[in-house]
Amino acid sequence: MKKCKLLFLILLISCAAMAQAPVKGSVKDKDGKPVAAATVTVKGKNISTSSSEDGSFSIPASTGDILVISSIGFDDYEIKVSKSPLNINLTTRANALNDVVVVGYGTVRKKDLTGSVAVVNVDNAKKTASYDVAKLLQGQAAGISVQGSGEPGGYVQIKIRGVTTFGDNSPLFVIDGIPVTAPYDFSPDDIETIQVLKDASAAAIYGSRAATGVIIITTKKGRPGPARISLNGWAGMQKVPKTIPLANRTQYQQIVRAAETNAGLALSPGNDPSSPEFISNINTDWQKAALKTGFIQDHSAGISGGSEAASYNLSLDYFDQTGYQVGPQGYKRYSLNSSMQGKKGRFSYGAKFAYTQSNKGNYAATNGHAVFGGTVTSMLTAFPTIPVYDPTRLGGYGGSDKVLNGGISANVVGINKLVNDHSDRNRILANAWGEIELLKDLKYRISVSFDRTDYKNFHYEPKFNMGYYYINTQYYMYQQMGEANTGLVENTLNYNFHAGDHHFELLGGITYQQDNYDQMSATSTDTTTLVAQTFGAVSNPSANTVTSDKGTATLFSLLGRVNYNYQDRYLLTANFRRDGSSKFSPYHRYGNFAGFAAAWNISNEKFISLPKDVSSLKLRAGYGTLGNQTSLGYYSWQSYIDGSVNYVFNNVLAQGGTTVSVTDPSLKWESTTTKNVAVDLGLWNEKLTFTGEYFYRESKDIITQIPIPLSVGSFPQTLTTNAATMTNQGLEFTVAYHHSTGPVKFNISGNAYTLKNKVLKLGGANNPIYGAGSKTAVGREVGELYGYQTEGLFQNAADIASHAFQSAYTAPGDVRFKAQNGKDNTHAYTITDDSDRVYLGSAIPKLYFGFNFDASYKNFDISFFWQGNAGSKVFNGVYAALMSGQYNNAHTDYLNYWTPTNTNTNVPRPVIGDPNGNGRFSDKFVESGTYIKLQNAQIGYTFPSSVIGRGHVFTRLRVYVGGLNLVTVSKYKGYDPDFISDGLFSRGYDYGSFPNPRTFMVGLQAGL
């Protein structure tokens, strides 16, 4: 009997062992190529593995278990274990309609979208080498405009569907569910998906923070399976792609002599050939002296893995960019990103921790000594007759002399090297969340996040002598240190249920956010002891001045959303959010914002028979309202009292107080109402997709400053209040085509959109707002170019006498400006700013566009990306400075200046002081802003598994070469038509933006 029991036990153990015997197999694509790093999971169990470089795998499983195989770019595949080995062929994901799209506080299938949501191709976007995710989005989605510069760590402007407010128009960024500002602190290499919410029906769930649009970023997460290690790195060289043709020493001196002669001045000795001090041995090419080859690199390493109960992802990234202008300036960043998530029964959980440390060296001006137009413009206008280096001057750098050279010239090489100006940032972003299924399909989730930035801005300049005006007789130092933090707690309930063919998704939540900042600034000057660059080294402590500032703002919100789906045919979405902000008075603290959208999947209708080539057809429409408070400070609605005001009553000094500035306690939320209609079309099983959309946005109660009488006694003489209204409208188009034939695969995608802006109201008396060469007025658009029209040059005294009066010093060779009231031929009439300036063109492009192409043949791949805009005008302030006919250096175009023997020209005579105002804002310097750029091109090679498998090190290995900003087609005379500006009232004004460099790079992507 005992032997029978023992035999039965052995047999039972053997059967169990056989049932859990390793199941082997291979994973390949439809062409029979191995798929490495595919995740193989036993459904319903915490057992998983991944395929090797040859596609093979082994996993403990029982007969009847279901294996789930997933890999990026392929449809998930399920198979029941019945034999071993298993031969699995994955299908390339061609139909993207079932892809999951991240929206506010949830996800939806792409085919269930009702609002205006753009899904960005992250692989294409990452081919742009940049530290800032905003720059990566340029040209990648319809409705997004991006302006940047080549300055290392420089600011990038991004707008969604135009100007919404007179404050900050940057969209809200949401990273892994956490609302953030300044996304440039985080490495783009960690990004997995990007979605852009463009209308109120999609973004209303974010309420007051979403009026300027929302960009949702999801970073890489761990997947069940063994540890996977990834390595990515690239490095490149950067140079300014063009040079501006400038006058050399001889040409420059010729222009200055003519300018001094025309002004009735004696010739400056350095430019007078008859003077013993004539400069003949210096001919500085400032572009050659100040520009260099810059270097840029980014390297990252990551590890991920785990199980369904707990998966993890950890990545490290290093980014470094040196400037292409001589000096120590550059940008360097170290970052860490980690996350973990898991599920145990009805409870899911997760956490995120990210840290970044960055240092930005700034191109600096000197305290009290302006660098006119910044270091780019000052580099171009510098005199070729002064040397870069001069050991006889304090500091060792050359400069101009008032008598010898006649004018002021900045030495940007010396300023960049002598002045120490840098900004340091340390940032932590942390989040933890938990979710429990209370009842079937009813889930409660709590999320707590904290975002803190510590920063230091430092500026130091020694004593130096770089010539006329640029003389510093004492040390100067400034330092600002501070921290800003945001805490956010979110509680949400989500309930999904079916009622027959009706599917509902309900969301409700309560959130609380608190923003704090605290900063301190100090300045000091000293004549002897600031070399140590510390405030403790100052010999006279009374020379130190310290100021501080701090503030707190809170935001309390209620939110809700209903998604309804009937048989995948009729889709409805309703969002609601109620925000209460401490930035407003208690009487106007709360704002209610709602959005509604509906969609009709015509292709799913039973009573409509579409051509078989049509795989999907959907109509969408949306309407909603969003709030905005970005234009407000923490306490803008509150008045301040100066308690140091005294007055003598009956010969007795009495202490008193007065209100310093007038405020509006009735300040309320700005609101933006959006309307849009769209059509989504897919052909041939989504090989060809098309989206066309019309949008209309109206922003009301825009917070701005309106003038108030001086008699009110307020400083400043403006009142911050809700005053302005404006609209934006346009059309958006997106098209994509995917094709695969044997070893050849290619993808083509393009997007384009139009934008029209109109100001309806500015408040008060509707006084226009003037910018640099621009005017914003009711009935026109924001930042429209504004100035004088020209009619050629005066040729003689009779011309001047028969034309409207311009100046008592107007002479032949000066610019003839047009009188706008028909009095061109009336000399008694004087041309004035108020009466004779006109609109000179739109600074907003009529069309924005982007075009991506990528293809692969076997193991080779190639891609390129074109981007541009058309129909805008820009004011070339740099060219205006180089065509001024003053002491600064000139563009070679100026050599064709007017003389009595050279009258067939449109270049005015040079004259010091410019008494006729030839250089005023006019159409002479307005140029077309249209351009098209080959923003990036890349060629890569992926080593086959049969090659890399021999070393048993890599699971994948790709190498590539590429270039950025390779070709620019434009008539613009400046460095780059894609320049940075204020993006608002002076958006079309270029006065020395750092040009985007041309980059050549090599890179490697590997998996271990």
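Quantities reported herein were computed from a predicted structural model and do not represent experimental measurements. (Residues numbered from 1 in each chain as written. Predicted model: local features only at pLDDT ≥ 70, side-chain atom pairs only at ≥ 80, totals over all residues. Heavy atoms only, no water.)

1. Brief notes about the overall build of the chain
Link 1 in the chain: Check the secondary structure of the chain and you find 12 helices and 52 strands.
Link 2 in the chain: Along the first, second and third principal axes, the C-alpha set of the chain runs to 125 × 75 × 70 Å.
Link 3 in the chain: Across the 1008 residues that make up the chain, the buried fraction comes to 51%.
Link 4 in the chain: Taking contacts inside the chain between residues at least 6 apart in sequence as the whole, the part at least 24 apart equals 69%.
Link 5 in the chain: Approximately 43,600 Å² of the chain is accessible, and the part contributed by carbon and sulfur atoms is 59%.
Link 6 in the chain: Within the chain, one finds 90 positive and 78 negative side-chain charges whose respective centroids are separated by 7 Å. (Helix = DSSP H or I, 4+ residues; strand = E, 2+ residues; numbered from the N terminus. Buried < 20%, exposed > 50% of the residue type's maximum accessible area, 1.4 Å probe, protein only. Contact = heavy atoms within 4.5 Å. Areas by Shrake-Rupley, 256 points an atom, 1.4 Å probe, with all protein chains shown as cover. Lys, Arg positive; Asp, Glu negative; His and termini not counted. Charge placed at Lys NZ, Arg CZ, Asp CG, Glu CD.)

2. Comments concerning helix α5 (residues 249-262)
Link 1 in the chain: Compared with the 20 Å implied by 1.5 Å per residue over 14 residues, the 20 Å span of α5 between its first and last C-alpha is a close match.
Link 2 in the chain: Turning to α5, its buried residues are Arg249, Tyr252, Gln253, Ile255, Val256, Ala258, Ala259 and Glu260.
Link 3 in the chain: At the N-terminal end of α5, a side-chain oxygen is found 3.2 Å from the backbone nitrogen of threonine 250, two or three residues along, and the residue is asparagine 248.
Link 4 in the chain: After α5 finishes, the residue glycine 264 shows a positive phi value of roughly 75°. (Expected span 1.5 Å × (residues − 1). Polar contact = N/O pair within 3.5 Å; in protein donor to acceptor, adjacent residues only side chain to side chain.)

3. Topic: the nonpolar core
Link 1 in the chain: Counting 38 residues, the largest nonpolar core has Trp286, Met379, Leu380, Val413, Ile415, Met466 and Tyr975 as its most contacted members.
Link 2 in the chain: Here this core takes 4 residues from helix α8 (residues 412-418), the largest share from any one element.
Link 3 in the chain: Filtering out sequence-adjacent residues up to four positions away, leucine 380 remains in contact with Ile244, Leu246, Gln287, Val878, Leu882, Asn889 and Tyr975.
Link 4 in the chain: Ranked by size, the runner-up nonpolar core spans 35 residues in total, among them Val122, Leu136, Phe173 and Trp234. (Core = buried A, V, L, I, M, F, W, Y, C linked by side-chain atoms within 4.5 Å.)

4. A word on the confidence of the model for the chain
Link 1 in the chain: Here the chain averages 90 in pLDDT, while 96% of its residues score no lower than 70.
Link 2 in the chain: Mean pLDDT across the elements of the chain bottoms out in helix α1 (residues 2-19) (45) and peaks in α5 (98). (pLDDT = per-residue confidence, 0-100.)

5. A closer look at the sheet that holds strand β5 (residues 66-70)
Link 1 in the chain: Reading across from one edge, β3-β2-β5-β6 is the order of the 4 strands in this open sheet, with antiparallel pairing throughout. One side of each edge strand has no neighbouring strand; the edge strands of this open sheet are β3 (48-50) and β6 (77-80). Direction aside, the axes of adjacent strands within the sheet are offset by 20° on average.
Link 2 in the chain: As judged from the 4 bridges shared by strand β2 (residues 39-42) and β5, these two strands associate in the antiparallel manner. When the bridges of β5 are listed, valine 42 appears paired with leucine 67. (Pairing = 2+ DSSP bridges. Axes fitted to C-alpha atoms, helices over the stretch in contact; angles between N-to-C directions.)

6. Quick notes on a positive patch on the surface
Link 1 in the chain: Side chains of Lys30, Lys33, Lys687, Lys745 and Lys858 sit close together on the surface and give a patch of like positive charge.
Link 2 in the chain: As for its position among the elements, lysine 30 is in the loop between β1 (22-29) and β2. (Patch = residues over 30% accessible without salt bridge, like charges linked within 9 Å, V, L, I, M, F, W, Y side chains within 5 Å. Salt bridge = Lys/Arg side-chain N within 4 Å of Asp/Glu carboxyl O.)

7. Details of the side chain of threonine 219
Link 1 in the chain: Within the secondary structure, threonine 219 is located in strand β16 (residues 214-219).
Link 2 in the chain: A distance of 2.5 Å separates the side chain of threonine 219 from the side chain of aspartate 176, its partner in a polar contact.
Link 3 in the chain: For threonine 219, the residues in contact, after removing those within four places along its chain, are Ile175, Asp176, Asp190, Ile191, Glu192, Asn337 and Lys352.

8. Some details on the pairing of strand β34 (residues 670-683)
Link 1 in the chain: Counting buried positions along β34 yields 10 of 14 residues, so the element is predominantly enclosed.
Link 2 in the chain: Pairing analysis gives 13 bridges linking β34 to strand β35 (residues 688-707), with the strands arranged antiparallel. Among the inter-strand pairings, leucine 681 is bridged to a residue of β35, identified as phenylalanine 690.
Link 3 in the chain: Between β34 and β35, which follow one another and run antiparallel, lie 4 residues, and tryptophan 684 among them has a positive phi close to 55°.

9. A short note on the packing of aromatic side chains
Link 1 in the chain: In total, this model carries 41 aromatic pairs according to the counting rule given.
Link 2 in the chain: Both rings, one in phenylalanine 497 and one in phenylalanine 504, keep their centres 5.0 Å apart while their planes meet at 15°; by these two values the pair is stacked.
Link 3 in the chain: With centroids separated by 4.7 Å and ring planes inclined at 55°, the aromatic side chains of phenylalanine 860 and tyrosine 941 adopt a geometry described as tilted. Note that phenylalanine 860 is positioned in strand β46 (residues 860-870) and tyrosine 941 in strand β49 (residues 931-942), a separation of 81 residues in sequence.
Link 4 in the chain: When its relative accessible area of 23% is taken as the criterion, tyrosine 941 is described as partly exposed.
Link 5 in the chain: Aromatic ring contacts, followed pair by pair, group Phe875, Tyr879, Phe921, Phe925, Tyr989 and Tyr991 into a single cluster.
Link 6 in the chain: The cationic tip of arginine 445 hangs over the ring face of tryptophan 433; the distance from NZ or CZ to the ring centre is 4.1 Å.
Link 7 in the chain: Against the face of phenylalanine 817 rests arginine 920, its NZ or CZ located 4.1 Å from the ring centre. (Phe/Tyr/Trp six-rings, centres within 6.5 Å; stacked < 30°, edge-to-face > 60°. Lys NZ or Arg CZ within 6 Å of the ring centre and 35° of its normal.)

10. Quick notes on the pattern of salt bridges
Link 1 in the chain: Summed over the entire model, instances satisfying the criterion amount to 28 salt bridges.
Link 2 in the chain: Taking the shortest distance from any N to any O, the salt bridge between glutamate 732 and lysine 198 comes out at 2.8 Å. You can see glutamate 732 sitting in strand β36 (residues 718-741) and its partner lysine 198 sitting in the loop between β15 (191-197) and α4 (200-203), a full 534 residues away along the chain.
Link 3 in the chain: Overall, the relative accessible area of 7% leaves lysine 198 in the buried class.
Link 4 in the chain: In this structure, the salt-bridge partner of arginine 958 is aspartate 861, at a minimum N-O distance of 2.7 Å. In this pair, arginine 958 is assigned in strand β50 (residues 956-969) and aspartate 861 in strand β46, connecting sequence segments 97 residues apart. This pair shows no difference in class: arginine 958 is buried, exactly as aspartate 861 is.

11. Topic: the side chain of serine 378
Link 1 in the chain: Its location among the elements puts serine 378 in helix α7 (residues 374-381).
Link 2 in the chain: What makes serine 378 buried here is its relative accessible area of 4%.
Link 3 in the chain: In this view, serine 378 contacts Val371, Phe372, Ala410 and Val412; residues no more than four positions away in its chain are not counted.

12. Quick notes on a nonpolar patch on the surface
Link 1 in the chain: Together, Ile229, Leu231, Val953, Val959, Leu1004 and Leu1008 make up an exposed nonpolar region whose accessible area comes to about 400 Å².
Link 2 in the chain: If you trace the backbone, leucine 1008 turns up in the segment after β52 (998-1007).
Link 3 in the chain: The partly exposed category is assigned to leucine 1008, whose relative accessible area is 31%.

13. Some words on the environment of isoleucine 862
Link 1 in the chain: Tracing the sequence through the fold places isoleucine 862 in strand β46.
Link 2 in the chain: The exposure class assigned to isoleucine 862 is partly exposed, which follows from its relative accessible area of 38%.
Link 3 in the chain: A C-alpha to C-alpha distance of 5.6 Å links isoleucine 862 and glutamine 938, two positions 76 residues apart in sequence.
Link 4 in the chain: With sequence-adjacent residues up to four places away left out, isoleucine 862 is seen in contact with Phe853, Asp854, Ala855, Gln938 and Ile939.

14. Comments concerning the sheet that holds strand β48 (residues 926-928)
Link 1 in the chain: Pairing is mixed in the open sheet, where 3 strands are placed in the order β48-β47-β51. Edge positions in the sheet fall to β48 and β51 (989-990), since each of these pairs with one other strand and no more.
Link 2 in the chain: Here 3 bridges tie strand β47 (residues 873-876) to β48, and the two strands are oriented antiparallel to one another. Paired with valine 874 across the bridge in β48 is glutamate 927.

15. Thoughts on unusual backbone geometry
Link 1 in the chain: For asparagine 766, which is not glycine, the phi torsion reads 60° and is therefore positive.
Link 2 in the chain: Among the secondary structure elements, asparagine 766 is positioned in the loop between β38 (756-761) and β39 (769-771).
Link 3 in the chain: Accessibility expressed as a relative area gives 33% for asparagine 766, which makes it partly exposed.

16. Examining α7
Link 1 in the chain: Extensive coverage of α7 is indicated by the burial of 7 of its 8 residues.
Link 2 in the chain: Looking at α7, one finds that the buried residues are Thr375, Val376, Thr377, Ser378, Met379, Leu380 and Thr381.
Link 3 in the chain: Check the buried side of α7 and you find it contacts α6 (286-290), α8 and α11 (877-882).

17. Considering the environment of tyrosine 647
Link 1 in the chain: Its location among the elements puts tyrosine 647 in strand β32 (residues 641-649).
Link 2 in the chain: Owing to a relative accessible area of 53%, tyrosine 647 belongs among the exposed residues under this scheme.
Link 3 in the chain: Residues contacting tyrosine 647, with those up to four places away along its chain left out, are Val652, Leu653 and Ala654.

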